[in-house]
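# Survey of secondary and tertiary structure
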Amino acid sequence: MNIIGKWKIAEAEMGGKSLPTDTFRDLILDLDETSYQIIVQTVVDSGLVELINNRSPLALSITALFGHNKGKTFRCIYKFDGEDLIMCYNLGGDSYPTSFETFENTLLYLVRYKRI
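Residues numbered from 1 in each chain as written. Predicted model: local features only at pLDDT ≥ 70, side-chain atom pairs only at ≥ 80, totals over all residues. Heavy atoms only, no water.

### A closer look at the overall build of the chain
- A count of helices and strands for the chain gives 0 helices and 9 strands.
- Counting from the amino terminus, the chain carries its helices and strands in the arrangement β-β-β-β-β-β-β-β-β.
- Since a compact globule built from 116 residues should have a radius of gyration of about 13 Å, the 13 Å found for the chain is in line with a globular shape.
- Along the longest, intermediate and shortest principal axes, the C-alpha atoms of the chain span 35 × 30 × 30 Å.
- Looking at the chain as a whole, 40% of its 116 residues qualify as buried.
- Here the contacts in the chain between residues at least 6 apart in sequence split such that 39% fall between residues at least 24 apart.
- Carbon together with sulfur atoms contributes 51% to the accessible area of the chain, which is approximately 6,700 Å² in total.
- Looking at charge distribution, the chain has the averaged site of its 12 positive side-chain charges lying 2 Å from that of its 15 negative ones. (Helix = DSSP H or I, 4+ residues; strand = E, 2+ residues; numbered from the N terminus. Rg over C-alpha atoms; globule rule 2.2 N^0.38 Å. Buried < 20%, exposed > 50% of the residue type's maximum accessible area, 1.4 Å probe, protein only. Contact = heavy atoms within 4.5 Å. Areas by Shrake-Rupley, 256 points an atom, 1.4 Å probe, with all protein chains shown as cover. Lys, Arg positive; Asp, Glu negative; His and termini not counted. Charge placed at Lys NZ, Arg CZ, Asp CG, Glu CD.)

Spelled out as structure tokens, the structure:
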């Protein structure tokens, strides 16, 4: 499997709580080898992606260059579940998440994407 392509969020949770689907219904994540774009009718966030190949689980370092996250770097881990892409982001620090789950009072963000 390959993360390159366009992805739509099927479900998401943050801090141990499921997020309502209205919050991400129109959002598309477009990934290539070195960059990403988040699209909601137009590009609302974009930046660089670095694949971290020497770690398990697989990981990404994401640096926003445009949008409300401009200048921030996030760490995430990812895996595939069948055709779905599962990503867990640490939105609050420099460390990578240690598992594919979120907990209350954290800025861990877990997303299940479907390829489009």
